[in-house]
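Next come the chains, spelled out residue by residue.
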Protein chains: 2
Amino acid sequence: MAKTLHSRFDCTPGCSVEAAVSLISGKWKCVVLWYLLEEGTLRFNELRRRIENITQRMLTNQLRELEIDGLIHREVYAQVPPKVEYSLTQRGRELTPILMALKAWGDAHIDLFGKDGIAGKPYAVAADEGA
Amino acid sequence: MAKTLHSRFDCTPGCSVEAAVSLISGKWKCVVLWYLLEEGTLRFNELRRRIENITQRMLTNQLRELEIDGLIHREVYAQVPPKVEYSLTQRGRELTPILMALKAWGDAHIDLFGKDGIAGKPYAVAADEGA
DNA sequence: GCTACTAGTATCAAAAAGGATACCGCCATG
DNA sequence: CATGGCGGTATCCTTTTTGATACTAGTAGC
């Protein structure tokens, strides 16, 4: 299977695959992206309540990084009490195929992740069908 | 755009998207996967020479993790000098759509990553087209 | 007056990831 | 005899990431 697709591959260090992965590698980023994809627009505490277990610091953190990377939009309303809404940018919405592919793969191989899921590390059960 | 896809989304903490991402989040993992996808089977030092800048320790490390996750196959030949061949498992090959989607996105938004690429952090240039 | 809500910060500590370097046995080559 | 290729380990250290906790300002409700 190797030789055929050879042409368009060029994963030198710093390639676009690496780059794209790095944008969604934060511990909670894909969850945030997923919720925003699902619900369109959410306020800070709405996200916080949905995600559960995430600390305020981490949520702020992940949101900031996603914003810096141009994947989400942050809308601040000059009110009191404060109101801040988060939504996907166009660029963020374009991640959809990636998220879908990830989900498809994850669902197909869900057996890898024991009952404790990815959080609890031991997703072993190596598959040696060789090459 | 939100309401329509609602049905098959269920990104609770530990969802399959998170899980899948975590398997390719290592610093060199997607590069390794890419090379194996491209070339089919490679020996340890062949990978090492291709990747450049990776230390022996990190390569061993990433390969071990990929093996544990069932994405690559490690074939040891009882020779001297030693010979160890790495290749993708079926499960690993099924990552292809993900890698492709990542590459497509990365290529489309390559402008995000300044001349120093992802390695040098500052991929700013936020895009505020709102939602 | 006390409480809670909003969307955060600040500070500290712990854990995980990554990097540098040196070393291993064994063989072939020079 | 020294060197290099092979596929790693072992050890130590630094950086990055994540987590826990406490704090902020201004308003509303009790």
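Higher on the page you've got the structure.
Heads up: these notes are all about the structure in this document. (Residues numbered from 1 in each chain as written. Chains lettered and ligands numbered in written order. Predicted model: local features only at pLDDT ≥ 70, side-chain atom pairs only at ≥ 80, totals over all residues. Heavy atoms only, no water.)

**Details of the pattern of salt bridges**
- What the rule picks out here adds up to 8 salt bridges over all chains.
- Close ionic contact of A:R50 with A:E39 constitutes a salt bridge, the shortest N to O distance being 2.6 Å. On the criterion of sequence distance, the pair formed by A:R50 in helix α4 (residues 44–51) and A:E39 in helix α3 (residues 29–39) is long-range, its members being 11 residues apart.
- Using a relative accessible area of 32% as the deciding quantity, one classes A:R50 as partly exposed.
- A relative accessible area of 26% places A:E39 in the partly exposed class.
- Between B:K83 and B:E85 there is a salt bridge, and its shortest N-O distance comes to 3.8 Å.
- Owing to a relative accessible area of 21%, B:K83 belongs among the partly exposed residues under this scheme. (Salt bridge = Lys/Arg side-chain N within 4 Å of Asp/Glu carboxyl O. Helix = DSSP H or I, 4+ residues; strand = E, 2+ residues; numbered from the N terminus. Buried < 20%, exposed > 50% of the residue type's maximum accessible area, 1.4 Å probe, protein only.)

**A closer look at the pairing of strand β2 (residues 72–77) of chain A**
Residues and elements named next belong to chain A.
- The pairing of β2 with strand β3 (residues 83–88) spans 6 bridges and is antiparallel. When the bridges of β3 are listed, R74 appears paired with Y86.
- Between β2 and β3, which pair antiparallel in sequence order, lie 5 residues. (Pairing = 2+ DSSP bridges.)

**Some details on the protein's contact with DNA strand D**
- Neighbouring DNA strand D are 22 residues; A:K27, A:R57, B:Q56, B:R74 and B:Y86 lie closest to it.
- Considering DNA strand D, the proportion of its atoms within 4 Å of the protein that are sugar or phosphate atoms stands at 58%.
- A distance of 3.1 Å is found between a phosphate oxygen of DNA strand D and a side-chain nitrogen or oxygen belonging to B:R64.
- Within the backbone of B:V84, an N or O atom sits 3.5 Å from a phosphate oxygen of DNA strand D.
- Elements with a contribution of two residues or more to the surface near DNA strand D: α5 (56–68) of chain A together with α4 (44–51), α5 (56–68) and β3 (83–88) of chain B.
- Of the residues forming the surface near DNA strand D, the biggest block, 4 residues, is contributed by α5(B).
- For the surface near DNA strand D, a count of residues per class yields 8 nonpolar, 5 polar and 9 charged. (Near = heavy atom within 4 Å. Polar contact = N/O pair within 3.5 Å; in protein donor to acceptor, adjacent residues only side chain to side chain. Nonpolar A, V, L, I, M, F, W, Y, C, P; charged D, E, K, R; others polar.)

**What to know about the environment of A:H109**
- The topology assignment puts A:H109 in the segment after α7 (96–108).
- By relative accessible area, which is 7% here, A:H109 ends up buried.
- As a C-alpha pair, A:H109 and A:T60 span 49 residues in sequence and 31 Å in three-dimensional space.
- Those residues in contact with A:H109 that lie beyond four places of it in its chain are B:R91 and B:E94.
- A distance of 2.5 Å separates a polar atom in the side chain of A:H109 from a polar atom in the side chain of B:E94. (Contact = heavy atoms within 4.5 Å.)

**Focus on the protein's contact with DNA strand C**
- Taken together, 22 residues are adjacent to DNA strand C, and A:Q56, A:R74, A:Y86, B:K27 and B:R57 come closest.
- Each atom of DNA strand C within 4 Å of the protein belongs either to a base or to sugar and phosphate, the latter forming 61%.
- Here a base oxygen of DNA strand C sits 2.7 Å away from a polar atom, N or O, in the side chain of A:Q56.
- Side-chain polar atom of B:K27 to a phosphate oxygen of DNA strand C: 2.4 Å apart, as the coordinates give it.
- Of all the elements in the fold, those that place two or more residues in the surface near DNA strand C are α4, α5 and β3 of chain A together with α5 of chain B.
- When grouped by side-chain class, the residues that make up the surface near DNA strand C number 8 nonpolar, 6 polar and 8 charged.

**A few points about the sheet that holds strand β2 (residues 72–77) of chain B**
Residue and element names in this part refer to chain B.
- With respect to topology, 3 strands assemble into an open sheet ordered β1-β3-β2, the strand pairing being antiparallel. Each edge of the open sheet carries a strand with a single partner, namely β1 (41–43) and β2. When the angles between neighbouring strand axes are averaged without regard to direction, this sheet yields 25 degrees.
- Note that β1 and β3 share 3 bridges and pair antiparallel. Pairing of T41 across the sheet is with S87, part of β3.
- Relative to the sheet, helix α3 (residues 29–39) contacts β1, β2 and β3, its axis offset from that of β3 by approximately 90 degrees.
- Strands in contact with α4 are β1 and β3; relative to β1, the strand with the most contacts, it is inclined by about 90 degrees. (Axes fitted to C-alpha atoms, helices over the stretch in contact; angles between N-to-C directions.)

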